[in-house]
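Now for the letters of each chain:
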Amino acid sequence: MEYNFREIEKKWQERWVENKTYQVTEDESRKKFYVLNMFPYPSGAGLHVGHPLGYIASDIYARYKRLQGFNVLNPMGYDAYGLPAEQYAIQTGQHPAITTVNNINRYREQLDKIGFSFDWSREVRTCEPDYYKWTQWAFQQMFKHYYDNDAKKATPIADLIKRFETKGTEGLNAACGEELSFTAEEWKAKSDKEQQTILLNYRIAYLGDTMVNWCPALGTVLANDEVVDGVSERGGHPVIQKVMRQWCLRVSAYAQRLLDGLETLNWTDSLKETQKNWIGRSEGAEMKFSVKDSDLEFTIFTTRADTVFGVTFMVLAPESELVAQLTTAEQKAEVQAYLDATKKRTERERIADRRVTGVFSGSYAINPLTREAIPVWISDYVLAGYGTGAIMAVPAHDSRDYAFAKHFGLEIRPLIEGCDVSEESFDAKEGIMMNSPLPEHATEGGLVLNGLTIKEAIAKTKVYIKENNLGKVKVNYRLRDAIFSRQRYWGEPFPVYYKNGMPYMLEESKLPLELPEVDKFLPTETGEPPLGRAKNWKTEEGYQLELNTMPGFAGSSAYYLRYMDPHNTEALVSTKANAYWQNVDLYVGGTEHATGHLIYSRFWNKFLHDIGVSIKEEPFQKLINQGMIQGRSNFVYRIKDTNTFVSLNLKDQYDVTPLHVDVNIVSNDILDQEAFKNWHPEYKTAEFILEDGKYICGWAVEKMSKSMFNVVNPDMIVEKYGADTLRMYEMFLGPVEQSKPWDTNGIDGVHRFIRKFWALFYNKAGEYIVKDEAATKEELKSLHKLIKKVSGDIEQFSYNTSVSAFMICVNELSSLKCNKKEILSNLVVLLAPFAPHISEELWETLGNATSVCDAQWPEYNEDYLKEDVVNYTISFNGKARFNMEFAADADNNTIQETVLASEGAIKWIEGKPIKKVIIVPKKIVNIVV
Ligand code: ANZ
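Residues numbered from 1 in each chain as written. Predicted model: local features only at pLDDT ≥ 70, side-chain atom pairs only at ≥ 80, totals over all residues. Heavy atoms only, no water.

- For the protein chain, an unreviewed UniProt entry supplies the name Leucine--tRNA ligase and the organism Bacteroides luti.
- Looking at the Catalytic activity (unreviewed entry) heading of the UniProt record, one finds this comment for the protein chain: "tRNA(Leu) + L-leucine + ATP = L-leucyl-tRNA(Leu) + AMP + diphosphate".
- Recorded under Sequence similarities (unreviewed entry), the UniProt text for the protein chain is reproduced unchanged: "Belongs to the class-I aminoacyl-tRNA synthetase family." (UniProt positions renumbered as here; feature names shortened; annotations may be inferred.)

**Details of the site of the ligand**
Working step 1: Around the ligand there are 18 residues in total, and Ser282, Thr302, Leu383, Tyr386 and Arg478 lie nearest to it.
Working step 2: The backbone of Leu383 places a nitrogen or oxygen atom 2.8 Å from a nitrogen atom of the ligand.
Working step 3: The side chain of Arg478 places a nitrogen or oxygen atom 2.3 Å from an oxygen atom of the ligand.
Working step 4: Relative to its unbound accessible surface of 650 Å², the ligand loses 87% to contact with the protein.
Working step 5: Looking at the shell around the ligand, the elements with two or more residues in it are strand E11 (297–302) and strand E15 (390–393).
Working step 6: Tallied by class, residues from the shell around the ligand come to eight nonpolar, six polar and four charged. (Near = heavy atom within 4 Å. Polar contact = N/O pair within 3.5 Å; in protein donor to acceptor, adjacent residues only side chain to side chain. Areas by Shrake-Rupley, 256 points an atom, 1.4 Å probe, with all protein chains shown as cover. Helix = DSSP H or I, 4+ residues; strand = E, 2+ residues; numbered from the N terminus. Nonpolar A, V, L, I, M, F, W, Y, C, P; charged D, E, K, R; others polar.)

**Observations regarding the sheet that holds strand E6 (residues 220–222)**
Hydrogen bonding along the main chain pairs the strands of a sheet, whether they run parallel or antiparallel.
Working step 1: The antiparallel open sheet is built from four strands, whose spatial order is E6-E5-E9-E17. Strands with a single pairing partner mark the edges of an open sheet, and in this sheet they are E6 and strand E17 (482–483).
Working step 2: Here strand E5 (residues 205–215) runs beside strand E9 (residues 240–249); their pairing, made up of ten bridges, is antiparallel. Along E9, the bridge assignment pairs Leu207 with Trp247. (Pairing = 2+ DSSP bridges.)

**Examining helix H25 (residues 821–831)**
Working step 1: Most of H25 is tucked away, with eight of its eleven residues classed as buried.
Working step 2: By the burial criterion, the buried members of H25 are Ile823, Leu824, Ser825, Leu827, Val828, Val829, Leu830 and Leu831. (Buried < 20%, exposed > 50% of the residue type's maximum accessible area, 1.4 Å probe, protein only.)

**Digging into the packing of aromatic side chains**
Working step 1: Summed over all chains, the structure comprises 70 aromatic pairs.
Working step 2: For the pair Phe39 and Tyr559, a centre-to-centre distance of 3.8 Å together with 15° between the ring planes defines the contact as stacked. Highlighted residues: Phe39 in the loop between strand E1 (32–37) and helix H2 (52–67) and Tyr559 in helix H16 (residues 559–562), separated in sequence by 520 residues. In this structure, Phe39 and Tyr559 share a single accessibility class: buried.
Working step 3: Both rings, one in Tyr55 and one in Phe118, keep their centres 6.4 Å apart while their planes meet at 80°; by these two values the pair is edge-to-face. With Tyr55 in helix H2 and Phe118 in the loop between helix H4 (96–112) and helix H5 (129–143), this residue pair connects regions lying 63 residues apart in the sequence. The burial state of Tyr55 is the same as that of Phe118; both residues are buried.
Working step 4: Put simply, the rings of Phe33, Tyr61, Tyr64, Phe70, Phe753, Phe757, Phe761, Phe797, Tyr799, Phe806, Phe834 and Trp857 pair up and form one aromatic cluster.
Working step 5: For the cation-ring pair, Lys242 lies above Trp214, with the distance from its terminal atom to the ring centre recorded as 4.4 Å. (Phe/Tyr/Trp six-rings, centres within 6.5 Å; stacked < 30°, edge-to-face > 60°. Lys NZ or Arg CZ within 6 Å of the ring centre and 35° of its normal.)

**Details of the side chain of Asn103**
Working step 1: When you line up the elements, Asn103 lands in helix H4.
Working step 2: A polar side-chain atom of Asn103 sits 3.2 Å from the main-chain carbonyl oxygen of Pro42.
Working step 3: Discounting residues that sit within four places of it in the chain, Asn103 has contacts with Pro42, Ser43 and Gly44. (Contact = heavy atoms within 4.5 Å.)

**Remarks on the pairing of strand E3 (residues 145–148)**
Working step 1: With burial as the criterion, each face of E3 is covered, one bearing His145 and Tyr147 and the other bearing Tyr146 and Asp148.
Working step 2: Here E3 pairs with strand E4 (residues 153–156) via four bridges, running antiparallel. Among the inter-strand pairings, Tyr146 is bridged to a residue of E4, identified as Thr155.
Working step 3: Hairpin connection between E3 and E4: a loop of four residues separates the two successive antiparallel strands, and Lys152 in this loop has a positive phi of roughly 55°.

**Regarding the pattern of salt bridges**
Working step 1: Taken as a whole and assessed by the stated rule, the structure comprises 41 salt bridges.
Working step 2: Between Arg30 and Asp27 there is a salt bridge, with the nearest N and O atoms lying 3.2 Å from each other.
Working step 3: Across the salt bridge formed by Arg106 and Asp715, the nearest N and O atoms sit 3.6 Å from each other. Note that Arg106 is positioned in helix H4 and Asp715 in helix H20 (residues 714–721), a separation of 609 residues in sequence.
Working step 4: The exposure class of Arg106 is partly exposed, given its relative accessible area of 30%.
Working step 5: For Asp715, a relative accessible area of 16% translates into the label buried.
Working step 6: Through salt bridges that share partners, Arg257, Arg602, Lys606, Asp610, Glu617 and Glu618 make up one connected network. (Salt bridge = Lys/Arg side-chain N within 4 Å of Asp/Glu carboxyl O.)

**Some details on the packing of helix H23 (residues 777–795) against H25**
Working step 1: Where H23 contacts H25, the axes come no closer than 10 Å and their chain directions differ by 15°. Our classification of the angle between H23 and H25 gives roughly parallel. Considering the relative orientation of H23 and H25, their crossing is left-handed. Every residue of H25 that contacts H23 at Glu779, Leu780, Leu783, Leu786 and Ile787 is listed here: Glu822, Ile823, Asn826, Leu827 and Leu830. (Axes fitted to C-alpha atoms, helices over the stretch in contact; angles between N-to-C directions. Parallel < 35°, antiparallel > 145°, perpendicular 65-115°, else oblique. Left-handed = near helix turned anticlockwise from the far one by under 90°.)

**Overview of the environment of Glu779**
Working step 1: Assignment of secondary structure puts Glu779 in helix H23.
Working step 2: Residues contacting Glu779, with those up to four places away along its chain left out, are Leu813, Leu816, Cys818, Lys820 and Ile823.
Working step 3: Within polar-contact distance, the side chain of Glu779 engages the side chain of Lys820 at 2.8 Å.

**A short note on H4**
For an α-helix the count is 3.6 residues per turn, leaving residues at separations of three or four pointing the same way.
Working step 1: Taking 1.5 Å of rise per residue, the 17 residues of H4 would be expected to cover 24 Å, and the 24 Å separating its terminal C-alpha atoms lies within 8% of that figure.
Working step 2: Along H4, the positions that sit buried rather than exposed are Pro96, Thr99, Thr100, Asn103, Ile104, Tyr107, Gln110 and Leu111. Viewed end-on, H4 has its buried residues packed into an arc of 135°, placing them on one side of the element. (Expected span 1.5 Å × (residues − 1). Arc of directions from axis to C-beta.)

**Describing the pairing of E11**
Working step 1: Pairing between strand E10 (residues 281–291) and E11: six bridges, direction antiparallel. By the bridge assignment, Glu286 is partnered in E11 with Phe301.
Working step 2: Here E10 hands over to E11 after five residues, with Asp293 in that stretch at a positive phi of 55°.

As structure tokens, then:
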């Protein structure tokens with residue numbers, strides 16, 4: 001039989017569906033292994049060869065684990081809500097549900113051709129009501145819980161209400177927006193609306209006033225990366241900073257657990273570092289400053305409490321509520337003008353650019369230690385969302401404060417020995433506090449820092465502040481709460497209605513709240529989100545339903561749990577299924593999710609863990625980031641003002657313009673001239689200047705993209721070479737985690753390897769030549785070398801070296817003319833994770849009735865790798881003189897005696913006394929005379 005990959009692949013893909021080969025159940029008799037890919041957003045462009053890279057890598061691992069006897073869950077689904085479908089709908093009127101389904105069907109067709117071991121019976125689509133019911137449910141649970149900092153977990157809001165009724169806020173240590181203080185009596189005296197407002201301050205899902213990038217022309221909030229230089233990336237419309245009431249998730253409450261959890265994960269150091277920086281733990285102190293001639297007090301956050309003697313001014317964020325309270329009548333106009341100007345800058349711009357701007361408020365604060373009056377300024381280098389939105393400025397020791405002081409002519413007061421403030425070098429971490437030129441009363445109360453290191457000074461000041469009730473020690477995190485509202489159509493509706501302006505949750509029995517139909521996917525004339533167009537978007541009682549929808553990360557936060565039990569109508573996941581599958585053992589996906597999805601899903605899962613839904617606190621135990629596959633673009637060179645194209649190595653003789661050419665009409669850098677003429681009407685009459693009768697194209701490595709004509713469609717490769725070749729070739733390109741260019745030039749080699757493998761079973765005449773004879777030592781050695789290499793490589797995700805090892809082994813067996821069943825059966829099993837179709841076919845041919853997926857991974861036997869004899873180099877005083885062979889298990893004594901007694905040795909020793917004999921096992925015997 002000939003190797004007809006088209007027939008073989010079709011046959012097995014059908015067989016797998018018929019036999020439900022990849023369906024798994026919670027089989028208690030076997031150990032589980034859960035492999036997961038980051039599920040795709042089904043875009044209109046379909047898959048290119050870069051997309052399946054991670055899926056192939058994880059599929060190999062999944063199949064390998066199954067061969068080792070594990071019960072492997074390897075599911076797939078679609079992150080189906082999202083902007084592109086909505087944008088397309090706005091342009092074409094096509095309903096996003098329709099384009100999404102079309103795209104999904106196309107993805108599925110492409111995925112099926114590659115031969116993945118996905119259990120499609122567990123597919124999820126985030127836009128399906130029976131899926132998003134549980135996204136809505138989880139959101140409601142977050143609304144119904146608050147975070148207890150003492151218990152370090154989410155706790156029912158009902159408990160908080162009970163507590164308020166009995167003790168008020170006394171002793172409460174909960175994550176909240178604002179520290180509140182009231183007694184039980186005061187709580188009970190509040191109206192329902194007042195109580196609800198207070199509870200929002202504690203709920204894990206809460207409505208909060210947050211600063212957003214608002215684009216009035218587009219009628220929507222934009223993400224930071226959608227705003228460039230103060231205007232919208234799309235359309236160039238002005239964007240302003242605006243406070244809007246939005247749903248938020250109190251991710252910040254979980255900051256410490258998100259940090260601690262990283263220690264338990266098998267992720268790369270660089271990914272952990274990225275998450276650590278994102279969470280941004282900062283230990284410092286909050287200090288109270290009072291306002292001169294007023295009852296007002298405000299709190300600042302500092303990591304350098306020790307510099308309190310060097311404070312020469314204070315700065316408030318422009319958005320701070322204190323601005324209105326501290327601005328004096330004389331300064332009012334100037335402050336207002338400043339506030340208007342800063343509104344236009346996004347937070348990111350404020351951090352990135354170092355332009356110094358600011359305005360004096362007119363008020364003075366009193367330094368709690370020195371009792372000095374110091375001016376209070378307003379500037380946007382202080383961010384409203386971090387710390388307390390107010391700082392004490394120490395220009396001698398902080399570069400931003402320094403720049404500000406210089407610009408506005410404010411005092412700079414150094415505190416550290418040898419600190420040169422004329423230079424912008426503030427790296428004085430190891431410095432010593434000096435006898436500072438402070439007013440006499442400065443050290444009143446006993447805080448003396450002179451002679452201490454900075455570290456000691458910070459610690460001492462913190463204790464002092466605490467003991468003297470001037471503030472408290474505080475840990476801050478950069479991690480922000482997640483803004484959870486989007487003014488979009490194509491997303492999960494919030495299961496929320498409004499009564500008296502307050503939000504309430506729909507009853508659980510009313511879930512899912514399905515996405516309504518609208519006439520257009522645009523905001524309403526009055527600027528409401530698209531759901532404002534839905535008819536009768538109200539509860540049965542007539543209350544208004546929420547008009548925002550949830551963001552992209554909502555549906556992807558707990559999907560891994562849903563795959564465990566995708567058809568459950570009673571729960572997100574049953575305890576039984578969750579107890580069996582636990583969490584993901586291997587997660588494979590792109591690095592772009594390092595701070596988005598991988599933070600949100602960890603947070604979401606920790607919450608579900610707190611409320612008893614998820615057994616494991618961390619969702620993804622091991623994580624591998626697959627690299628990107630870049631495009632390898634090809635160029636043709638058009639001689640200026642002509643329709644003549646000159647081959648690569650002749651182009652320097654002409655004045656040429658390089659043009660991208662579709663890589664699909666180029667093979668091994670040689671242009672298919674006919675196809676080129678048909679590619680574009682403009683080239684119909686193209687003429688060519690050839691070298692050696694060929695047109696050779698230039699090439700470059702670029703991003704794989706339509707506009708560079710370097711997109712390679714996996715379907716085409718499958719059509720031409722088969723899925724098994726595609727799979728092995730993608731792995732052969734290089735280490736999974738590295739980015740690398742797609743280079744079709746080597747694919748023939750991989751395809752030839754597969755044919756050579758086939759040729760061990762069938763001769764040229766198509767006759768089956770496998771024999772039931774005992775294998776030779778050499779054949780066994782070749783096989784066991786491969787078993788050892790491939791098993792080790794798969795564990796390390798070093799698939800490219802595995803492919804090379806297969807090639808070597810098949811070459812060795814070919815030259816040994818080995819077609820022994822004993823050897824080839826094992827070889828088929830080893831190859832099955834990489835090239836499942838051909839392996840199934842040959843496994844069947846070898847006489848097996850069950851799928852190769854259920855075979856057993858071969859164990860390697862060290863004995864076969866042992867050499868019988870070893871060749872030693874015999875040296876005298878370090879110089880190699882001759883060689884001798886010894887049995888591989890010969891001991892050193894035997895070796896030494898035999899060598900010394902040999903004729904050669906006697907000759908080279910020349911009768912001199914022997915000083916030393918050094919034996920390097922299996923390599924060298926060195927005789928020192
Ligand atoms: C006085 C001081 C002296 C400071 C000094 C630094 C150096 P991290 O490590 O990022 O937490 N800060 C506090 N809140 C801020 C805000 N909302 N916007 C901008 N800056 C803010 O940094 C904390 C330090 O950043 C704080 O310590 C404060 O300046 C500033 F030699 O206080 B420091």
